[in-house]
Amino acid sequence: MAQAFRPQASISLLATDGKPHPLQDTLMVVTVVLGAVAFVTAFFHNLHLLTSWAGLIGILTGAYGQFISVTTRERFALIIGLGASAIGFYLGMAHGGLFGA
């Protein structure tokens, strides 16, 4: 039972297994940032190019991040970023699309 009380040398906010995950963490941060940009700019009709492209790239990075994610914290943040990216993407497409139609 002694192994159950091992002290952890370092506590990471992004990895719960004690190992570094630089690629997964980078994809998570990029997805959340792009999701925030897409979501915020979706409320402005004249920014539909930025909204739709940020949403599309956020969806793609979030999907790949989900595919290779290791921890629950990564998956949680990726889902938040994916949702915001999707909302921004769909509203950007409704306001004019990827190429300014």
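The coordinates are above.
Predicted model only: the values in this text are computed from it and were never measured.

Caption draft 1: Here's a closer look at the packing of aromatic side chains. Applying the stated criterion to the full structure yields 3 aromatic pairs. A centroid spacing of 5.3 Å and a plane angle of 90 degrees characterise the contact between F39 and F43, whose relative ring orientation is edge-to-face. Since its relative accessible area comes to 34%, F39 is described here as partly exposed. Ring centres of W53 and F99 lie 5.8 Å apart, and the angle between their planes is 80 degrees; this geometry places the pair in the edge-to-face category. Within this pair, whereas W53 is found in helix α2 (residues 48-68), its partner F99 is found in the segment after α3 (72-95), the two being separated by 46 residues in sequence. With relative accessibility at 35%, the residue W53 sits in the partly exposed group. On the accessibility criterion, F99 (73% relative accessible area) is exposed.

Caption draft 2: View of the packing of α2 against α3. Interhelical geometry of α2 versus α3 gives an angle of 150 degrees and a closest axis separation of 7 Å. Between α2 and α3, the interaxial angle falls into the category roughly antiparallel. Crossing handedness for the pair α2 and α3: left-handed. Contacts from H48, T51, S52, G55, L56, G58, I59, G62, A63, G65 and Q66 of α2 reach α3 at R75, L78, I79, L82, S85, A86, G88, F89, G92, M93 and H95. Looking at side-chain class alone, the contact of α2 with α3 contains 9 nonpolar, 12 polar and 1 charged residues.

Rules used in this analysis
- Residues numbered from 1 in each chain as written.
- Predicted model: local features only at pLDDT ≥ 70, side-chain atom pairs only at ≥ 80, totals over all residues.
- Heavy atoms only, no water.
- Phe/Tyr/Trp six-rings, centres within 6.5 Å; stacked < 30°, edge-to-face > 60°.
- Buried < 20%, exposed > 50% of the residue type's maximum accessible area, 1.4 Å probe, protein only.
- Helix = DSSP H or I, 4+ residues; strand = E, 2+ residues; numbered from the N terminus.
- Axes fitted to C-alpha atoms, helices over the stretch in contact; angles between N-to-C directions.
- Parallel < 35°, antiparallel > 145°, perpendicular 65-115°, else oblique.
- Left-handed = near helix turned anticlockwise from the far one by under 90°.
- Contact = heavy atoms within 4.5 Å.
- Nonpolar A, V, L, I, M, F, W, Y, C, P; charged D, E, K, R; others polar.

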